[in-house]
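# Topology and contacts: notes
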Amino acid sequence: MTDTKPRVPAAEPESAAHTALPESSPGFVSVIGSPAARNPRDRRRRALRDNLEGWGFVAPALVIILGLSLFPAVWAFLLSLQEWDGFSDPVNVGFDNYAAMATDGDLQAALVHTFVYTALFVPTSVLLGLFLAVALNRRIRFIGLYRTAIFVPFVASAAATGILTTYLFSPQFGLLNQMLQFFGIPPQGWLEDPNQSMVVITIMSLWGQAAFTTVIYLAALQDIPADLLEAARIDGANPWQVFWHVVFPQLAPVTVFATIWQIIQAIQLFDLVYTTTRGGPLGATETIVYYLWDAAFKQLEFGYGSAVAYGLFAVTLVITIGVTIYSRRSSMKAF
Amino acid sequence: MTTLEAAPRSRPVRRRPSGWHLVLAPIAIVFAIPFVQMFLTSVTPAKDINKFPRDFFPSALTLDGYEKLFQTSDILLWLGNTTIVSAIAIVSHIVLCSLAGYGFARLTFRGRTFGFLAIVGTIMIPTQLLMIPTYILFSRIGLIDSLGAAIVPWLASAFGIFLMRQFFISLPAELEEAALIDGCTRLQVFFRIILPLAKPAIATLAIFTLLGSWNDLVWPLIAINNDQAFTLQLGITNFQGPRRTEWSLLMAGNVVATLPLIVFFLFAQKQFIATMSFSGLKG
């Protein structure tokens, strides 16, 4: 299951020369095609050979990818119209599963929890990335060390992060409560407190993922032409003004991308919940995907689980399209 | 806030230390704390761990946690399993995605545009939608509870094809034309001329695949219940129930699962950052 998707290639491999050439120039074809290619039968044979060759290159990957995504996606839709536990005979129920979602209190609670996490995580991760990128975008001593320290948590898995979270935020002996005690603040329940658990998960998500927004902002900052900044400074803008009026507008596309991307990530939160709270305490961290996983693989409601998955897909699409349209409109005003 | 652009390359005058150190040093320390605690706790004697307030540095160093980890769990087996999954995933990604990326970038054949759009379209499909049918499919073909279940979804990815196609499109075509005139076949051209030029893109692809396949949790969690076929991430996650108080053992497990990637990151930081900026990676 690839948890990963590409993004617009802002940073292409350096060595790539940016000269996209047409796939085969006319001269190329005439060189390969011998004089005999003028004969229609030879031409047809050549076309057949080209098709076979082309499909030979792409087919192995294509079959695997479509077989493990397009085919299951269609199958999931058919499943969502059934009631099935994987063993007994499936019962066709039409759109009942979708209708049931509207009155499912646990699902609505999961929706709220997911929304809370998204509202906590997305703005903080984008702003933190922006701040860290600005801070790291300079040549000072130890800058390599700072970058490494901030970027290396990116390789931490959800499993490792989960164990670290339970350790650092342990109400009994965790480092966090120890530090609070040092400042005279009473110990907190953290993951065991329904009001704090989602905040803890957000903090640790930021720890592991700040590198991503930072890196894309860093790349964007370095793409801003130096004369633009120079011009603003000569016109008498102070650094703060230069940032908000010159630099920040240049970063708008990255901000839109990062926001959409982080929203999609946030809506799909599962791993870190599983490795820390398993949805608790009192269901306070049960997200949509956690609920989906539980419905499908614990309660064995394959049909209902598939319907929830399609609901999630629809919500993700709507949000992505919404953010894109909104940013197009507002940026037209802004520039 | 002083200046925003990267400071001028070489300024002969030595300037006073930047005020940004006061911002960056504390942040760097905060970011480092979880891994530092992980390493320290893995070598801390049990008697130090259960006292409160605990000292940041252990009173003595011990490998008890590691010893217990290796003796009482199958961690080495899981490490082997994960290594197999990631190795196959990387090799398969490099071969299949490069071939397909090259095909879509350079060859003319009927259905090319349609095929590429179909691949790119699958990027929109969230993995959660695929879990249930893939689980059913894998149980029908007998892959569930075996390492194969963890391997197959990582053989190729739409992202990989997209990445490689972008790269191959940017290569000048003259290189291949000359070789084709000299009588090389397409496959020869691909392996002898194109692939060696694609090293930067292949590095990105390999790191992307390594991170994703090494750290994957949700799919192995669903597809593998047999602890002989556990991946490393699944294994250390399952520690948490029965052994949730044996912190030095837990952290030793964490070190085994994370250290390979940390070391890799330190050696190939530039490539990791290139990969990060190309993809969202984490789920």
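The shown structure was predicted, so the numbers you read here are calculated from the model rather than taken from an experiment.

## Observations concerning the overall build of chain A
Counting secondary structure elements, chain A contains 15 helices and two strands. By residue count, 40% of the 335 residues in chain A fall in the buried class. A sequence separation of at least 24 residues applies to 68% of the contacts in chain A between residues at least 6 apart.

## Let's talk about the overall build of chain B
When its secondary structure is counted, chain B shows 15 helices and zero strands. Its C-alpha atoms give chain B a radius of gyration of 24 Å, more than 25% over the compact-globule value 19 Å for 283 residues. Structurally, chain B occupies a C-alpha span of about 75 × 70 × 35 Å along its principal axes. Looking at the 283 residues of chain B, the share that counts as buried comes to 47%. A separation of at least 24 residues holds for 74% of the contacts in chain B among residues at least 6 apart in sequence.

## Here's the deal with the interface of chain A and chain B
Each partner contributes residues to the interface: chain A has 112 residues there, and chain B has 108 residues. Take the side of chain A that touches chain B: its biggest share by element is 14 residues, from helix H2 (residues 40-68) of chain A. Taken together, the residues of the side of chain A that touches chain B break down into 75 nonpolar, 26 polar and 11 charged.

## What to know about helix H10 (residues 186-197) of chain B
Think of an α-helix as 3.6 residues a turn; residues three or four steps apart then line up on the same face. All names here are of chain B. In this model H10 runs 15 Å from its N-terminal to its C-terminal C-alpha over 12 residues, within 8% of the 16 Å that 1.5 Å per residue would give. All buried positions along H10 are accounted for by Arg186, Val189, Phe190 and Ile194. Buried residues in H10, looked at end-on, bunch into an arc of 95°, giving them a common side. Of the exposed residues in H10, those oriented more than 90 degrees away from the buried face are Arg192 and Pro196.

## Focus: the domain arrangement of chain A
Per the domain assignment, the segments of chain A are domain 1 (26-94) and domain 2 (104-300). Between domain 1 of chain A and domain 2 of chain A, the C-alpha centre-to-centre distance is 40 Å.

## Observations regarding the packing of helix H8 (residues 158-169) of chain B against helix H11 (residues 199-215) of chain B
Residue and element names in this part refer to chain B. At a minimum axis distance of 10 Å, the contact between H8 and H11 shows a crossing angle of 170°. In terms of their interaxial angle, H8 and H11 are classed as roughly antiparallel. Within the contact between the two elements, H8 uses Phe159, Gly160, Leu163, Met164 and Phe167 and H11 uses Ala201, Thr204, Leu205 and Phe208. Among the residues making up the contact of H8 with H11, the classes are represented as seven nonpolar, two polar and no charged.

## So, helix H14 (residues 288-298) of chain A
All names here are of chain A. In terms of burial, H14 is largely enclosed, as eight of its 11 residues are buried. Looking at H14, one finds that the buried residues are Ile288, Val289, Tyr290, Tyr291, Leu292, Trp293, Ala295 and Ala296. Two residues or fewer past H14, leucine 300 is found with a positive phi of approximately 55°.

## A short note on the nonpolar core
Proteins that are soluble and globular tend to have nonpolar side chains buried together. The biggest cluster of nonpolar side chains holds 166 residues, and the ones touching the most others in it are Ala61 and Leu292 of chain A together with Ala100 of chain B. No other element matches helix H9 (residues 197-223) of chain A, which puts 14 residues into this core. Taken together, domain 1 (26-94) and domain 2 (104-300) of chain A each give at least three residues to this core, which thus spans both. The contact partners of leucine 292 of chain A, leaving out residues within four places of it in the chain, are Gly305, Val308, Ala309 and Leu312 of chain A together with Gln128 of chain B.

## Observations regarding the packing of helix H7 (residues 158-168) of chain A against helix H13 (residues 232-239) of chain B
Between two packed helices, both the angle of their axes relative to each other and the distance between the axes serve to describe the pair. Orientation of H7 of chain A relative to H13 of chain B, taken along the N-to-C sense of each, is 20°, at an axis distance of 9 Å. Classified by the angle between their axes, H7 of chain A and H13 of chain B sit roughly parallel to one another. Handedness of the H7 of chain A/H13 of chain B crossing: left-handed. Two secondary-structure elements touch here, H7 of chain A through Ala159, Gly162 and Ile163 of chain A and H13 of chain B through Gln233, Ile236 and Thr237 of chain B. Of the residues in the contact of H7 of chain A with H13 of chain B, the class split is three nonpolar, three polar and no charged.

## Side note on the confidence of the model for chain B
All names here are of chain B. Put simply, chain B has an average pLDDT of 87, and 91% of its residues get 70 or more. No element of chain B has a lower mean pLDDT than helix H2 (residues 46-49), at 79, and none a higher one than helix H4 (residues 75-106), at 95. Confidence drops under a pLDDT of 50 for residues 1-5, and excluding neighbours within four residues, the segment shows 13 contacts in the predicted structure.

## Side note on unusual backbone geometry
All names here are of chain A. With an omega of -10°, the peptide bond between glycine 280 and proline 281 qualifies as cis. If you trace the backbone, proline 281 turns up in the loop between helix H13 (271-276) and H14. Even without being a glycine, arginine 278 presents a positive backbone phi close to 50°. You can see arginine 278 is positioned in the loop between H13 and H14.

Parameters at a glance
Residues numbered from 1 in each chain as written. Chains lettered and ligands numbered in written order. Predicted model: local features only at pLDDT ≥ 70, side-chain atom pairs only at ≥ 80, totals over all residues. Helix = DSSP H or I, 4+ residues; strand = E, 2+ residues; numbered from the N terminus. Buried ≥ 20, exposed ≤ 12 C-beta atoms within 10 Å, placed from the backbone. Contact = placed C-beta atoms within 7 Å. Rg over C-alpha atoms; globule rule 2.2 N^0.38 Å. Nonpolar A, V, L, I, M, F, W, Y, C, P; charged D, E, K, R; others polar. Expected span 1.5 Å × (residues − 1). Arc of directions from axis to C-beta. Domains from an automatic or database assignment. Axes fitted to C-alpha atoms, helices over the stretch in contact; angles between N-to-C directions. Parallel < 35°, antiparallel > 145°, perpendicular 65-115°, else oblique. Core = buried A, V, L, I, M, F, W, Y, C linked by C-beta atoms within 7 Å. Left-handed = near helix turned anticlockwise from the far one by under 90°. pLDDT = per-residue confidence, 0-100.

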